[in-house]
Amino acid sequence: MRFLRLFWFHFKLYATNQYFLWLTISSTVSLFLLQFVAAYVTHNLNDPALWLRSGVFGLWSSATTAAGCIGFQRFQGTLPYIINTGIDNRISLVALLLPASSFGLLAFPISYIMAIVLGVAHSNISINLIMIILALWIAAALMDLLIAAFFLLTTNAIVYEELVTIPLLLVSGLFSSAPILRPILTPFQWLIPISVPIHTLLNQTDNFNLGAFFVSCILWAVITWIVTNRILHTASKTGNARLM
């Protein structure tokens, strides 16, 4: 319950920031409209992957803002108070970073509504579809933790957010799932947690590669645990919050 209260506190602060709100909306809408124009010209508005791709892009764009969350708290001078609580430091950091990907879930309703309004084919909402989107959210949240940890090495993390947005989506197969690229993209399902949910969503298949999903999640979780422990140990040993 304490973790949920802490998460809700950070989520409310995150939601009141106009930058994060409009980033999610603009990222989702802009990609949707670009695809819509291309689909309209080629008479391919019956592709349900259009709205799903826009939702994924919007969620991931929001999730990558976690790269600068800790640095921003450090800039404000509130980081020492966030980590020095009755809760484990790692849990406090998770509560701080989780709103980034959670807020990104808004991208799917936005994209779905646009698909209805503009007459684009949209998949029927099902339990299976919701579960895959939740798997994508979990994967994005997990990746946020490691990305945020690495970006603590620079005070300009927010500037470099875009460096992790597009490349990871490219190798995850968001922008192209053509058969000729599948031999190249398939190995990344075992390395990048968001890759399996994206592949399942865009290909409209029930073949969810559960083994690859778990392996990639465990890989990122282990690396995140090691990196976070090292950072917290260094910070507590030196007393220098800027190392975080």
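Residues numbered from 1 in each chain as written. Predicted model: local features only at pLDDT ≥ 70, side-chain atom pairs only at ≥ 80, totals over all residues. Heavy atoms only, no water.

(A) Here's a closer look at the packing of helix H2 (residues 18-41) against helix H7 (residues 107-118). Running from N to C, H2 and H7 point in directions that differ by 35 degrees, and their axes come no closer than 9 Å. Seen from above, H2 lies across H7 with right-handed handedness. For the pair formed by H2 and H7, the contact residues are Thr24, Ile25, Thr28, Val29, Phe32, Leu33 and Phe36 on the first element and Ala107, Ile110, Ser111, Met114, Ala115 and Leu118 on the second. Residue classes in the contact of H2 with H7 are distributed as 10 nonpolar, 3 polar and no charged. (Axes fitted to C-alpha atoms, helices over the stretch in contact; angles between N-to-C directions. Helix = DSSP H or I, 4+ residues; strand = E, 2+ residues; numbered from the N terminus. Left-handed = near helix turned anticlockwise from the far one by under 90°. Contact = heavy atoms within 4.5 Å. Nonpolar A, V, L, I, M, F, W, Y, C, P; charged D, E, K, R; others polar.)

(B) Quick look at the nonpolar core. Membership of the largest hydrophobic core comes to 48 residues, with the highest contact counts inside it found for Trp60 and Ile194. Sorting the residues of this core by element identifies H2, helix H3 (49-63), H7, helix H8 (127-151), helix H9 (162-171), helix H11 (195-202) and helix H12 (210-238) as the ones contributing at least two each. The leading source of residues in this core is H8, at 12 residues. Counting residues in hydrophobic clusters, the runner-up holds 20 residues, among them Ala95, Leu97, Ala100 and Phe103. (Core = buried A, V, L, I, M, F, W, Y, C linked by side-chain atoms within 4.5 Å. Buried < 20%, exposed > 50% of the residue type's maximum accessible area, 1.4 Å probe, protein only.)

(C) Fine view of the packing of H2 against H3. H3 packs onto H2 with a crossing angle of 150 degrees between their chain directions and a minimal axis gap of 8 Å. Taken as axis vectors, H2 and H3 run roughly antiparallel relative to one another. Considering how the two elements wind past one another, H2 and H3 form a crossing that is right-handed. Mapping the contact onto sequence places Leu23, Thr24, Ser27, Thr28, Leu31, Phe32, Gln35, Phe36 and Ala39 in H2 and Leu50, Trp51, Arg53, Ser54, Phe57, Gly58, Ser61 and Ser62 in H3. The residue inventory of the contact of H2 with H3, partitioned by class, reads 8 nonpolar, 8 polar and 1 charged. (Parallel < 35°, antiparallel > 145°, perpendicular 65-115°, else oblique.)

Read these as geometric descriptors, not functional statements.
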